[in-house]
Every structure is written in C-alpha cells, then in structure tokens.
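Spelled out, the chains give:
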Amino acid sequence: MTMLCRVGQVRRCAASLSQTISQVAASRQKHTLPDLTYDYGALEPHINAEIMQLHHSKHHATYVNNLNVTEEKYQEALAKGDVTAQIALQPALKFNGGGHINHTIFWTNLSPNGGGEPQGELLEAIKRDFGSLQKMKEKMSAATVAVQGSGWGWLGYDKESGRLRIAACANQDPLHGTTGLIPLLGIDVWEHAYYLQYKNVRPDYVKAIWNVVNWENVSERLQSARK
C-alpha cells in the first residue's frame with residue numbers, strides 16, 4: 001500500500017509539473033518586432049528605403065514569428081519530457097533566436113545622424129586595442145567582407161580581458177551565445193541587407209555603412225558590458 005501511495009504521489013507531481021510548464025508557456029510573452037526609431041528612408045543614400053523596409057518588416061519579422069513558433073514547440077516538448085524533440089528544435093531556436101537578437105542590435109547600431117568618430121571611453125578603447133579608429137574599421141571591414149556565404153561581422157567586448165575584439169559569425173549565430181563576446185556593433189552581410197542596392201559588391205556596402213554607424217549606441221553598449 002505504501003509503495004502504491006508513493007507511485008500515486010509521483011504521478012500527481014509529474015502531472016502538476018506538466019501543468020505548471022504548460023501554464024508558463026501559455027503566459028509567456030511572445031517576441032515582437034521592435035519599432036525603428038527612424039524612417040525606412042532615413043539612412044539613404046547609404047542604405048535605401050526599399051532594403052530597409054524589406055529587411056525590417058519582412059526578414060526580421062520572419063525570424064520573430066518563427067522564433068515564437070519554435071519556442072511553443074519547445075515548451076510542449078519540455079512538458080512531455082520529449083528530449084529527442086527538444087534536440088531537433090535547437091537548430092531552429094538558434095537560427096531564429098539569433099536572427100532576432102542580431103537584428104534588434106543592428107537597427108540600434110544605425111542612425112541617420114551616425115558616422116563620424118566615437119568619443120570618450122569607446123574611442124580610447126579602440127585606440128588601445130587596434131591602434132586607431134581607422135585600423136579598427138579596416139580590420140572589421142576585412143573580416144566582415146570575408147564572411148563566406150551569409151553572416152555577420154562584429155565588434156565585441158571580451159569581459160575576461162577587458163578588451164575589444166573583432167569576430168565574424170556564420171548565418172544568424174549570435175555573437176555572445178557562440179563566442180562569449182558581448183556584441184557592441186554588428187554588420188549584417190546577408191545579401192538581403194544590401195543586394196538590391198549594391199548587387200554583389202559587398203565591400204562597397206560595408207564601406208558605406210560606416211557613414212550611418214550610431215557610435216552613441218555602441219558606446220552605451222560598451223558601458224553596459226563593462227558593468
């Protein structure tokens with residue numbers, strides 16, 4: 001009788017846990033497409049309005065929608081204890097989650113009032129770690145242009161060393177989740193980010209984007225990363 005009671009308790013606990021997970025999943029706020037703080041045409045002539053509209057309202061929106069669908073399926077798999085399904089969903093979670101994370105950073109990294117040079121601690125850190133702003137831009141541009149297929153070029157912060165690093169990530173791999181670097185500035189080199197305007201000449205796009213880099217945002221990200 002004691003054993004049967006224990007079995008019953010275990011079953012009730014399992015059912016309660018499953019119900020709790022389901023409730024958490026149901027109450028979880030879904031990811032949403034962030035609004036831009038500028039118009040689609042505000043970055044012209046460096047990035048035209050058509051690219052910005054498609055990139056934000058179509059491509060980024062797709063990552064958001066697919067991320068929400070994937071997370072719902074993942075929660076269901078967790079509730080059922082289906083490890084195989086959880087593993088199968090991880091590539092989609094990484095791809096769409098990374099796409100949402102990367103683009104959310106990207107939009108804030110850009111500004112119609114961007115370009116020029118950073119100031120204060122950010123500029124000092126760049127000079128310390130790369131020699132000069134120009135050398136950093138050249139190194140980051142080269143790494144970004146060299147991305148094979150689709151991906152991103154990044155300026156990141158290495159919390160362990162306290163230094164700035166340049167890295168490239170394939171596809172939508174998120175910088176922090178795959179390298180440990182905290183993202184400060186990202187350049188999207190998926191073709192949807194530039195092809196309508198720059199065709200296959202990726203170097204021209206990368207050169208042009210420096211004219212709209214929001215150094216204030218990059219500086220704020222560095223300050224947060226150092227805390």
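The coordinates are above.
Residues numbered from 1 in each chain as written. Predicted model: local features only at pLDDT ≥ 70, side-chain atom pairs only at ≥ 80, totals over all residues. Heavy atoms only, no water.

A. Main features of the packing of helix α4 (residues 120-130) against helix α5 (residues 133-145). Remark: α4 packs on α5, axes separated minimally by 8 Å, with the N-to-C direction vectors making an angle of 70°. Here α4 is positioned roughly perpendicular relative to α5, judged by the angle of their axes. Between α4 and α5 lies a crossing whose hand is left-handed. Residue-level inspection shows L123, I126 and F130 of α4 in contact with α5, the latter providing L133, K135, M136 and K139. (Axes fitted to C-alpha atoms, helices over the stretch in contact; angles between N-to-C directions. Helix = DSSP H or I, 4+ residues; strand = E, 2+ residues; numbered from the N terminus. Parallel < 35°, antiparallel > 145°, perpendicular 65-115°, else oblique. Left-handed = near helix turned anticlockwise from the far one by under 90°. Contact = heavy atoms within 4.5 Å.)

B. Region of interest: the pattern of salt bridges. Under the counting rule described, the total for this entry stands at six salt bridges. Two residues, R226 and E121, come together in a salt bridge whose shortest N-O distance is 3.0 Å. Of this pair, R226 sits in the segment after α9 (215-225) while E121 sits in helix α4, and the two are 105 residues apart along the sequence. What makes R226 partly exposed here is its relative accessible area of 31%. Bridged by salt links that share partners, the residues R128, D129 and R163 form one connected network. (Salt bridge = Lys/Arg side-chain N within 4 Å of Asp/Glu carboxyl O. Buried < 20%, exposed > 50% of the residue type's maximum accessible area, 1.4 Å probe, protein only.)

C. Structural view of the nonpolar core. Within the largest apolar cluster, 48 residues are counted, with the highest numbers of intra-cluster contacts made by M136, L164, Y205, W210 and W215. Broken down by element, this core gets its largest block of residues, five residues, from α4. In this structure, M136 is in contact with I126, F130, L155, I166, W210 and W215, ignoring residues within four places of it in sequence. (Core = buried A, V, L, I, M, F, W, Y, C linked by side-chain atoms within 4.5 Å.)

D. Spotlight on the side chain of H60. Looking at where H60 falls in the secondary structure, it is placed in helix α2 (residues 49-80). What makes H60 buried here is its relative accessible area of 0%. Apart from residues no more than four positions distant in its own chain, H60 is found in contact with L33, P34, H55, G99, H100, H103, T104 and W107.

E. Representation of helix α8 (residues 202-209). Three or more residues of α8 are buried, namely R202, Y205, V206, A208 and I209. In a view along the axis of α8, the buried residues occupy a sector of 165°, so they form one face of it. (Arc of directions from axis to C-beta.)

F. Examining unusual backbone geometry more closely. Following E44, the chain continues into P45 via a peptide bond in cis, with omega recorded as 5°. Within the secondary structure layout, P45 lies in the loop between α1 (2-27) and α2. A positive phi angle, close to 50°, is found at N171, a residue other than glycine. With respect to the secondary-structure elements, N171 resides in the loop between β2 (163-170) and α6 (175-179). For K199, which is not a glycine, the phi torsion comes out positive at approximately 55°. For K199, the location among the structural elements is in the loop between α7 (195-198) and α8. In this structure K199 comes out as partly exposed when scored by relative accessible area, which is 43%.

G. Fine view of the sheet that holds β2. Sheet architecture is open: three strands sit in the order β2-β1-β3, paired in antiparallel fashion. Two strands lie at the open edges of the sheet, namely β2 and β3 (182-188), each paired on one side alone. Ignoring which end each strand starts from, the neighbouring axes of this sheet average 25° apart. (Pairing = 2+ DSSP bridges.)

H. Here's a closer look at α5. A rise of 1.5 Å per residue sets the reference length of α5, with its 13 residues, at 18 Å; its end C-alpha atoms lie 18 Å apart and thus fit the reference within 8%. Among all positions in α5, only L133, M136, K137, M140, S141 and T144 are buried. Summarising the axial view, the buried residues of α5 lie within an arc of 125°, below the 170-degree limit, and thus occupy one face. (Expected span 1.5 Å × (residues − 1).)

I. Molecular detail of the packing of α5 against α8. Where α5 contacts α8, the two axes come as close as 10 Å, and the packing angle between them is 145°. You can see that α5 and α8 cross each other, and the crossing is right-handed. Seen from α5, the contacting residues are S141, T144 and V145; seen from α8, they are R202, P203 and V206. Per-class residue counts for the contact of α5 with α8 are three nonpolar, two polar and one charged. (Nonpolar A, V, L, I, M, F, W, Y, C, P; charged D, E, K, R; others polar.)

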